[in-house]
Amino acid sequence: MEAVSPDLYSGNIIKTRIRFARNLSGYPFRVGNERQANEIVKKVNRALIKCDTFNLYFVKNLSPVTLEAMKERNIISQNLMQNREYGAALVNADESLSVMINEEDHVRAQCFMNGLRLKEAYERLDVLDDELSKNADIAFHPQWGYLTACPTNLGTGMRASVMLFLPALSESGKIKRLEKEIAGRGLTVRGVYGEGSVAEGCIYQISNEVTLGVSEYDVLSAVEKTVLEICAAERSLAEKMYASKEIITMDRARRAYGLLTNAVLLKYEEFLSLIAEVKIGAMFGMLNIQNLEALNDLTLKVRPANLCVQYGKELSAFDRDLFRAELVGKKLLKLKEE
């Protein structure tokens, strides 16, 4: 396929994530006691002190709602949340870098960037990885590469993923065929929170599964090529399903916008369905909303735990629906005025 600019698919491409799995030599990969866990936290924290200004969080010191909100924003994982006794995380100010400590591996370092920016995110995380390797003894084998708790991460220990908005492929059911096609390339299609999670609001993650016997740049190239091909297929199908049926698509988008800006109570599942319709309308110029990135940010802010964090207290399901409707309505009206 001829190379195309990712800007062409800015509405479909949401976010890039690069993740490295690393372990410290001299410790069991599954940390078994508090002394070992604390030593690993101290060594990782010291090793990365010059990389960025990180806040250090211990899982055991955080409330369940705070942890859930961090998971909703993808800066920590369910595995780290469950390792309440030993888990910790380093998170920088804008949450573009996070380092989970004592998750499945001793270190799970992540870099997030908006849009399709695989090379930039990799290079930024590689600086952090070099600093870690310079200041700590990392488990590495000359034949097998980086040693990890799960054999599926051996080698580079790297996962490169891109989050995509794919309403046409999802609605048509063709996403299932896509999953089979890219599996042959050593890639996979997952939901918002990775393996085993669902695709909320037609949002999917495309990532590599193969980490052994390939270079980091092989992985980055394969993921980017596949992402652009998927976006091209999505856009071609969307032209037939949405753009060519302008009146129907416009009606769906404007009805969804009307509900979102007038609702008094709004469940998260309902929001996801309606915001997808709004985004489709905006992408095809049927709604006067230019800032599609703001719609993606809004989806994060109105997740259940993040609503509680914003309002500074745990909220009942009723109050979450009430506050979500208020927040969404105000934000969408503002976006249409910009």
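Here's what I pulled together on the structure shown here. Given the structure is predicted, the values throughout are model-derived calculations rather than measurements. (Residues numbered from 1 in each chain as written. Predicted model: local features only at pLDDT ≥ 70, side-chain atom pairs only at ≥ 80, totals over all residues. Heavy atoms only, no water.)

Under the counting rule described, the total for this entry stands at three cavities of 30 Å³ or more. Empty space within the largest cavity amounts to approximately 160 Å³. The wall of the largest cavity is formed by Ile14, Lys15, Asn74, Asn114, Met163, Ile203, Glu293, Asn296, Asp297, Thr299, Leu300 and Arg303. Counting residues per element, the lining of the largest cavity draws most heavily on helix α10 (residues 292-301), at five residues. (1 Å grid on protein atoms, 1.4 Å probe; cavity = no way out; pocket = protein on both sides within 12 Å on 5 of 7 lines; lining within 4 Å. Points joined across faces, edges and corners; volume = space filled by probe spheres on them. Helix = DSSP H or I, 4+ residues; strand = E, 2+ residues; numbered from the N terminus.)

Let's shift gears to the pairing of strand β10 (residues 203-208). In terms of residue burial, β10 counts as a mostly covered element, since six of its six residues are buried. Side chains Ile203, Gln205 and Ser207 of β10 all project onto a buried face; the interleaved residues Tyr204, Ile206 and Asn208 project onto the opposite face, where all are buried too. Alignment of strand β8 (residues 158-165) against β10, held across five bridges, turns out to be antiparallel. Pairing of Ser161 across the sheet is with Ser207, part of β10. Bridging between strand β9 (residues 187-190) and β10 involves four bridges; their strand directions are antiparallel. From the neighbouring strand, Val189 faces β10, where its bridge partner is Ile206. (Buried < 20%, exposed > 50% of the residue type's maximum accessible area, 1.4 Å probe, protein only. Pairing = 2+ DSSP bridges.)

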